[in-house]
Amino acid sequence: MDGEEHVCPVCGQPVDTVVRRHKTLGIWVPVWGPGPCHNPKCAACAGLAAGQERPAPQDSAAKNS
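Residues numbered from 1 in each chain as written. Predicted model: local features only at pLDDT ≥ 70, side-chain atom pairs only at ≥ 80, totals over all residues. Heavy atoms only, no water.

**Student:** I'm lost on the overall build of the protein chain in this one. Help?
**Tutor:** Within the protein chain, the regular secondary structure consists of one helix and two strands. Secondary structure elements in the protein chain, listed N-terminal to C-terminal, are β-β-α. Taking all 65 residues of the protein chain together, the buried fraction comes to 12%. Considering only residue pairs separated by 6 or more positions, the protein chain has 22% of its internal contacts joining residues 24 or more positions apart. Only carbon and sulfur atoms are counted for the fraction: they give 54% of the accessible area of the protein chain, which is about 5700 Å². (Helix = DSSP H or I, 4+ residues; strand = E, 2+ residues; numbered from the N terminus. Buried < 20%, exposed > 50% of the residue type's maximum accessible area, 1.4 Å probe, protein only. Contact = heavy atoms within 4.5 Å. Areas by Shrake-Rupley, 256 points an atom, 1.4 Å probe, with all protein chains shown as cover.)

Written out as structure tokens, the structure is:
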């Protein structure tokens, strides 16, 4: 990791660092990057507002047919 703290590009609040992965030359390699913003006053907030339900996961088999 590079040691820098990630911030939300919209509100400037610090965000968590998350690990994603991508495939390079047939192996999965980690890529560290900024996580979602959890500031409820931010337009880029990843949290759900009160009363909203989490969307149901989509079945990948249903997409392909």
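Past the structure itself, the notes keep going.
**Student:** I tried to follow the confidence of the model for the protein chain on my own but got confused; where do I start?
**Tutor:** In low-pLDDT regions, the fine details of the predicted coordinates are not to be read closely. Residue-level pLDDT values for the protein chain average 74, and 65% of them are 70 or greater. Put simply, helix α1 (residues 60-64) is where the protein chain has its lowest mean pLDDT, 50, and strand β2 (residues 27-34) is where it has its highest, 92. Under a pLDDT of 50 for its full length, residues 50-57 has, in the predicted model, two contacts with residues more than four places off or in other chains. (pLDDT = per-residue confidence, 0-100.)

**Student:** Can you walk me through the packing of aromatic side chains in this structure?
**Tutor:** Describing an aromatic ring pair means giving the distance of the ring centres and the angle of the ring planes. For the structure on display, the rule yields zero aromatic pairs. It is Arg21 that lies over the ring of Trp28; its NZ or CZ is 4.1 Å from the centre. (Phe/Tyr/Trp six-rings, centres within 6.5 Å; stacked < 30°, edge-to-face > 60°. Lys NZ or Arg CZ within 6 Å of the ring centre and 35° of its normal.)

**Student:** Looking at this structure, I do not really get the side chain of Asn39. What am I missing?
**Tutor:** Within the secondary structure, Asn39 is located in the loop between β2 and α1. Setting aside residues no more than four positions away along its own chain, Asn39 makes contact with Cys11, Gln13 and Cys45.

**Student:** Sorry, what's going on with unusual backbone geometry here?
**Tutor:** A negative phi holds for most residues other than glycine; trans holds for most peptide bonds. Of note, Leu25 is a non-glycine position whose phi angle comes to about 55°, a positive value. Here Leu25 shows up in the loop between β1 (17-24) and β2.

**Student:** Before we go on, may I ask you to explain the pairing of β2 in this structure?
**Tutor:** In the case of a regular strand, side chains alternate between the two sheet surfaces. Note: β1 against β2, eight bridges, orientation antiparallel. Among the inter-strand pairings, Arg21 is bridged to a residue of β2, identified as Pro30. (Pairing = 2+ DSSP bridges.)

**Student:** I tried to follow the side chain of His6 on my own but got confused; where do I start?
**Tutor:** Counting through the fold element by element, His6 comes out in the segment before β1. In this view, His6 contacts Gln13, Pro14, Val15, Thr17, Gly33 and Pro34; residues no more than four positions away in its chain are not counted.

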